[in-house]
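Chain by chain, the residues run as shown.
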Amino acid sequence: MTRYHGGMSAPTTRFAPSPSGLLHLGNVRTALFSLLAALPDGRFLLRIEDSDRERVSPVFEEALRADLRWLGFGAYMDEAAVLRQSQRAAIYNDYLKRLEGMGRAYPCFCTQAELGAERARLRAQGLPPRYLGRCAVIRPEVAQGRIAAGETPVWRFRVTEGEEVGFHDIVRGPQRVATTLLGDFIVRRANGEAMFFFANALDDALSGVTLVLRGEDHLANTPRQILILRALGLPVPEYGHLPLVLGADGVPLSKRDGSGSLAALRKEGFLPLAVINYLARLGAVVGSDQLLPIAALAKAFDSRRIGHAPAHYDREQLLHWQRLAMAQTPVAEWLAWVADCVPEADRQRFVEAVRPNALFPEDFRRWAQIVYGGRLVLDDEARAAVAAVGAQFFRAACAHLKEGGAPSDLPAALKAAGYAGRPLFHGLRAALTGRIAGPELKDILALMPRTLVAQRLLEYGNADAKDL
Ligand code: GLU
């Protein structure tokens, strides 16, 4: 029987990314579920799976660490205790030696051609391909001789045929695989590197991980990992394989093509709390529809209730959480954010005026450009609104200012000149801000410097009707 260490109230979980690309939302969700499952009393570990030197890069490692810090994971993980597989080759070798000593691992000298022929034979008989154990019977001293003579074998784990490996996946339920189907599998490559799933299983066991939550693309590794850990007498964690996250096109998000990368969302201006609250509910049940900080999300999250249907990335949902996160950001943060582009005396009023229209932090700065900046580019709707009222409208507006009228009284002055309703407000707003929607017009008129208001109105007042 597998010894399960999971199911305890305070699990140790981990996130074990390979730094071979930018984290996408599927990866981030795995990390988040692992963290939420561990809180409040368990431990959450980060392990860098960088042993496949051809695919990994320190650039991606730094990027993923920065992503995790940005998400707010820093408070819950000990960065100094992060394991890196590239530094643990000696440990993996040591456990391979133990397996060899027990007769559970052996060197295999079969060539690619021999293995290919074996697979083809099995397929021709309608059987799944597996290694049939040709080198399993080579005597150890003979194998030693061949190695001494310069051959470079791979190492295989010796599977006991005719058994079953069973485990309970906390997402997918009971799983069973016949060992006979596995065949003796490779645990170390000819170049001396441990196979990914061998190192991965050892690291989990040695660092006391009790619950492994990971993508379902690793499901096929689990029976082999359980066999290895059992053979070594190491604790077997509990496993939960999360369904992949599919993009809008129905294709799983992928680290290598950068789809749905967290970096791209960060650049766009999504806030960490929005991303976290969105992902916590993507295929899982959170007993609250409020925007919650990580610790509170963990309380409302149940790792036993993760769904097994594929999850779909839905930008509209993410935007919903973004709106809540923006609304919840303290005004003081926005005051600091616009400190270099909004005059101090206006700052509070500016932030309050723009806030209902700001979906991303950058929107505050964009509106600062509009309210305090120089040249304006009108969008199509704004151009139409300006043309609809005509040059005469702007001449009336300029006359009001020339007579010493306040910008705030422009709507009243234009009403007196015979304009009304939507054309009046859209025309004015379009000429002043370049668009027909945005913060309240009265706020814009109160904030925008008088000379800028005059300059923008004059531009259209002087134009010929055909230029509008
Ligand atoms: N390094 C693996 C990956 O990035 C993680 C495997 C696991 O979580 O066990 O997909």
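Every chain is numbered on its own, with residues counted from 1 as its sequence reads. Local features in a predicted model are, by the rule used here, given only for residues with pLDDT of at least 70; side-chain atom pairs are given and counted only at 80 or more, and totals for whole chains, interfaces and linings are based on all residues. Only hydrogens and water are set aside; all other atoms, that is, all heavy atoms of the structure, feed into the side-chain values.

This part covers the overall build of the protein. Each helix and strand in the protein was counted, giving 20 helices and 12 strands. A compact globule built from 468 residues should have a C-alpha radius of gyration of about 23 Å, whereas the protein, at 32 Å, is more than 25% larger. Each principal axis of the C-alpha atoms in the protein carries an extent, and together these give about 105 × 45 × 40 Å. Residue contacts are defined here by distance: any two heavy atoms, one from each residue, within 4.5 Å place the two residues in contact. The contacts of the protein with a sequence gap of at least 6 include a subset with a gap of at least 24, amounting to 75%. Computed with the Shrake-Rupley method and a 1.4 Å probe, the accessible areas treat only the protein chains shown as cover for residues. For the protein, the computed accessible surface area is about 21,900 Å², with 54% contributed by carbon and sulfur atoms. Working definition: helices are DSSP H or I runs of at least four residues, strands are E runs of at least two. Numbering for both runs from the N terminus. In this treatment the radius of gyration is a C-alpha quantity, and the globule benchmark scales as 2.2 Å times the residue count to the 0.38 power.

Just to be clear on terms, a salt bridge is a Lys or Arg side-chain nitrogen sitting within 4 Å of an Asp or Glu carboxyl oxygen. Per the stated rule, a full pass over the model turns up 28 salt bridges. The partner of R47 in a salt bridge is E49, with the nearest N and O atoms 2.9 Å apart. For every residue, the accessible area (1.4 Å probe, protein chains only) is compared with the maximum for its type, and the residue is labelled buried under 20%, exposed over 50%, or partly exposed between those bounds. A relative accessible area of 3% means that R47 is categorised as buried. A single salt-bridge network, built from bridges that share partners, covers D50, E61, E62, R65, R69, E79 and R84.

Okay, the pairing of strand β1 (residues 12-15) next. Side chains of β1 alternate between two faces, with T12 and R14 and T13 and F15 buried alike. Only when DSSP finds a minimum of two bridges between them are two strands counted as paired. Sheet topology note: the β1/strand β2 (residues 43-48) ladder contains 4 bridges and is parallel. In the strand pairing of β2, R14 is matched with L45. A clockwise course of the path from the first strand over the helix to the second, judged with the strands pointing away from the viewer, identifies a crossover as right-handed. Taken together, β1, helix α1 (residues 25-38) and β2 constitute a β-α-β crossover, and its handedness is right-handed.

Here a residue is near a molecule or strand as soon as one of its heavy atoms is found within 4 Å of it. As a structural note, the neighbourhood of the ligand is formed by 10 residues, with R14, A16, E49, R214 and H218 the closest of them. Whenever two N or O atoms come within 3.5 Å, that pair is a polar contact, provided that in protein one can donate a hydrogen and the other can accept it, and provided that, for residues adjacent in sequence, both atoms are side-chain atoms. Measuring from a nitrogen atom of the ligand, one finds a backbone N or O atom of A16 at 2.7 Å. A distance of 2.9 Å separates an oxygen atom of the ligand from a polar side-chain atom of R214. Burial of the ligand by the surrounding chains reaches 84%, relative to a free accessible area of 300 Å². When its residues are assigned to classes, the shell around the ligand shows 3 nonpolar, 3 polar and 4 charged. All amino acids are sorted into three groups, where Ala, Val, Leu, Ile, Met, Phe, Trp, Tyr, Cys and Pro are nonpolar, Asp, Glu, Lys and Arg are charged, and the leftover types, Gly among them, are polar.

Our focus in this paragraph is the packing of aromatic side chains. Two rings from Phe, Tyr or Trp (for Trp, the six-membered ring) form a pair when their centres sit within 6.5 Å of each other. Planes less than 30 degrees apart are called stacked, planes more than 60 degrees apart edge-to-face, and all others tilted. Inspection of the entire model under this criterion finds 12 aromatic pairs. Each residue in the set F393, F394, Y419 and Y460 is aromatic and connected to the rest through ring pairs, giving one cluster. A cation over an aromatic ring shows up here: R188 above the ring of W155, its NZ or CZ 4.7 Å from the ring centre. The ring of F185 carries R224 above its face, with NZ or CZ at 5.6 Å from the centroid. Here, a charge over a ring means that NZ of Lys or CZ of Arg falls within 6 Å of the ring centre while also lying within 35 degrees of the ring normal.

Bringing unusual backbone geometry into the picture now. Residues L39 and P40 are joined by a peptide bond in cis, for which omega reads 5°. Relative to the helices and strands, P40 resides in the loop between α1 and β2.

Looking now at the nonpolar core. The set of buried Ala, Val, Leu, Ile, Met, Phe, Trp, Tyr and Cys residues whose side-chain atoms join them within 4.5 Å is what this entry labels a nonpolar core. Grouped together as the largest cluster of nonpolar side chains are 97 residues, with contacts concentrated most on L68, F73, F350, F364 and L457. Residues F157, F167, F185 and L232 belong to the second largest nonpolar core, which totals 34 residues.

On the secondary structure map, W70 appears in helix α2 (residues 58-71). A sequence separation of 196 residues divides W70 from R266, and the C-alpha atoms of the two residues are 9.0 Å apart.

What follows concerns the side chain of H24. Counting through the fold element by element, H24 comes out in the loop between β1 and α1. A polar side-chain atom of H24 sits 2.9 Å from the main-chain amide nitrogen of G26.

Time to look at the environment of E362. Locating E362 in the fold gives a position in helix α15 (residues 361-372). Taking relative accessible area as the criterion, E362 reaches 46% and is therefore assigned partly exposed. Expressed as a C-alpha distance, the spacing of E362 and R429, which sit 67 residues apart in the sequence, is 21 Å.

Turning our attention to the environment of S408. Checked against the element boundaries, S408 lands in the loop between α16 (380-402) and α17 (410-416). Overall, the relative accessible area of 42% leaves S408 in the partly exposed class. It is 5.9 Å that separates the C-alpha atoms of S408 and A446, two residues lying 38 residues apart in sequence. Here S408 is in contact with L445 and A446, once residues within four sequence places are set aside.

With that settled, the discussion passes to the pairing of β2. For β2, a buried count of 5 out of 6 residues is recorded, marking the element as mostly surrounded by other parts of the structure. Bridge analysis of β2 against strand β3 (residues 83-84) gives 2 bridges, and the strand direction is parallel. Bridge assignment links R47 to a residue of β3, and that residue is L83. Following the chain from β2 across α2 to the adjacent parallel β3, one finds a crossover that is right-handed.

A word on the confidence of the model for the protein. Reading predicted coordinates in detail is not appropriate for stretches of low pLDDT. On average, the protein scores 93 in pLDDT, and the residues at 70 or more come to 96%. Values of pLDDT, ranging from 0 to 100, describe the predictor's confidence in every residue of the model. The low-confidence segment residues 1-7, where pLDDT is below 50, has 21 contacts with residues more than four positions distant or belonging to other chains.

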